[in-house]
Amino acid sequence: MANYKPKSRALFIVTTETGCMVPISHKVNTTGYITKRWGWGKDCIAEQLHRFIYRAHHGEHSLPKGWEVDHICRNRACCNPRHLRALSKTDHARSSNITRHETMIEQARCYWLAHSKSITGQALADAFDVGKSTASRWLQAWKSEEAEDAKRWGLFAGTLSGDTVTRYDARGDRQ
Ligand SMILES: [Zn+2]
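What you see is a predicted model, and the numbers here were worked out from it, not measured in a lab.

Procedures and definitions
- Residues numbered from 1 in each chain as written.
- Predicted model: local features only at pLDDT ≥ 70, side-chain atom pairs only at ≥ 80, totals over all residues.
- Helix = DSSP H or I, 4+ residues; strand = E, 2+ residues; numbered from the N terminus.
- Buried ≥ 20, exposed ≤ 12 C-beta atoms within 10 Å, placed from the backbone.
- Contact = placed C-beta atoms within 7 Å.
- pLDDT = per-residue confidence, 0-100.

*Asks:* How would you sum up the overall build of the protein? Please name residues and give values.
*Replies:* Assigned secondary structure in the protein consists of 4 helices and 6 strands. The linear arrangement of helices and strands in the protein, starting from the amino end, is β-β-β-β-α-β-β-α-α-α. Out of the 175 residues in the protein, the part that is buried amounts to 11%. A separation of at least 24 residues holds for 34% of the contacts in the protein among residues at least 6 apart in sequence.

Next comes the structure, spelled out in structure tokens:
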């Protein structure tokens, strides 16, 4: 990367528990990415930092025209080269769509929790503009997941009353 000289201030990076390397010296833009400027004058290049990092690690020609750099970790500010992969535009869009879909399901789940888990499949379907069968499938999955969790922690939800805690072991047997 001989042609690139950092123009602006140094990069300070923190590493999170998940191994994401996030620059704290640079603000993320409205789309969640960090832009960095390299070089001087007419040679100045502004590019997404993670794109630059990818090329710096994999070589100048590692990104064919039209290819994009995807965050495997879904953290757009991350610049850990191990969390980055090159994808064709089409594959990147597909991957982003899956992420968007997962985000929507998470939001729906929060909505369900915020409504004390008493929301109907139809109400959920209306709120998130999906079919009723989809919403019902979500509800079913969340409920069985909660039951699984409760078992795993040796405590069934709903058995907490006052000071009385009924404990169950992992097989669901009362202790
Ligand atoms: Zn990461």
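*Asks:* Give a description of helix 1 (residues 49–58) that names residues and reports values.
*Replies:* The set of residues buried in helix 1 consists of Leu49, His50, Phe52, Ile53 and Tyr54. Just past helix 1, the residue Gly59 takes up positive phi, approximately 105 degrees.

*Asks:* I'd like to hear about the confidence of the model for the protein, residue by residue, with values.
*Replies:* Residues shown with low pLDDT carry predicted positions that ought not to be read at fine detail. For the protein, the average pLDDT comes to 78, and 78% of its residues sit at 70 or higher. Of all the helices and strands in the protein, strand 3 (residues 35–38) carries the lowest mean pLDDT, 75, while helix 3 (residues 121–128) carries the highest, 93. The low-confidence segment residues 155–166 (pLDDT under 50) makes 12 contacts with residues lying over four places distant or belonging to another chain.

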